[in-house]
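Working through the structure, step by step
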Amino acid sequence: QVQLVESGGGLVQAGGSLRLSCTASGFSGYAMGWFRQPPGKEREFVAGISWSATRTQYTDSVQGRFTISRDNDRNTVYLQMNSLKPEDTAVYYCAARGSTLVVTSRWAYEQWGQGTQVTVSS
């Protein structure tokens, strides 16, 4: 069973950057995703990456601003977030899927981290 621990959240001004990290145990062969849950809203897909990192996928609102990457030797997935906006404020979750392929549905991910808060001030 994969265990996930996120880090890197915090408070940043609009236009700033943050990098989230997700360290996993039992990482091999898993596609990974980042999701977020704004206050009072549903959890939504942000970005995903296949096991081999040959495929990445992003929701439209972060395309061109966020970059997902992974280091399989370090069992770590990253989410580089640039040009942050107040609407990016949310709890961000790392998730693992027992398949090499990335998908956007949260129901396809079996393991979740505890979440890390990202707050973007205007």
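Cut-off values and rules
- Residues numbered from 1 in each chain as written.
- Predicted model: local features only at pLDDT ≥ 70, side-chain atom pairs only at ≥ 80, totals over all residues.
- Heavy atoms only, no water.
- Pairing = 2+ DSSP bridges.
- Helix = DSSP H or I, 4+ residues; strand = E, 2+ residues; numbered from the N terminus.
- Phe/Tyr/Trp six-rings, centres within 6.5 Å; stacked < 30°, edge-to-face > 60°.
- Lys NZ or Arg CZ within 6 Å of the ring centre and 35° of its normal.
- Disulfide = S-S within 2.5 Å.
- Buried < 20%, exposed > 50% of the residue type's maximum accessible area, 1.4 Å probe, protein only.
- Axes fitted to C-alpha atoms, helices over the stretch in contact; angles between N-to-C directions.

**Considering the pairing of strand β3 (residues 18–25)**
- As judged from the five bridges shared by strand β1 (residues 3–7) and β3, these two strands associate in the antiparallel manner. Directly across from Ser7, in β3, lies its bridge partner Ser21.
- The sheet contact formed by β3 and strand β8 (residues 76–81) spans six bridges and is antiparallel. From the neighbouring strand, Thr23 faces β8, where its bridge partner is Thr76.

**Description of the packing of aromatic side chains**
- Tallying each qualifying case throughout the model produces five aromatic pairs.
- Ring pairs connect the aromatic residues Phe35, Phe45, Tyr93, Tyr109 and Trp112, which therefore count as one cluster.
- Lying over the aromatic face of Tyr93, Arg43 brings its terminal NZ or CZ to 3.6 Å of the ring centre.
- Of note, Arg43 hangs over the ring of Trp112, and the distance from its end group to the ring centre comes to 4.9 Å.

**Comments concerning the state of the cysteines**
- Evaluation of the coordinates by the stated rule reveals one disulfide.
- A sulfur-sulfur separation of 2.1 Å characterises the disulfide bridge that pairs Cys22 with Cys94. Taking the sign of the S-S torsion, -75 degrees for the link of Cys22 and Cys94, the bridge is left-handed. Here Cys94 lies in strand β9 (residues 90–97) and Cys22 lies in strand β3, a separation of 72 residues in the sequence.
- For Cys22, a relative accessible area of 0% gives the class buried.

**A look at the side chain of Thr89**
- Structurally, Thr89 is set in the loop between β8 and β9.
- Judged by relative accessible area, Thr89 falls into the buried class, the value being 18%.

**Notes on the sheet that holds β3**
- If you walk across this open sheet you meet the four strands as β1-β3-β8-β7, and the pairing is antiparallel. Strands at the two margins of the open sheet, each flanked by one partner only, are β1 and β7 (66–71). The sheet shows a mean angle of 15 degrees between the axes of neighbouring strands, direction not considered.
- Here β7 runs beside β8; their pairing, made up of six bridges, is antiparallel. Residue pairing in the sheet places Thr67 in a bridge with Gln80 of β8.

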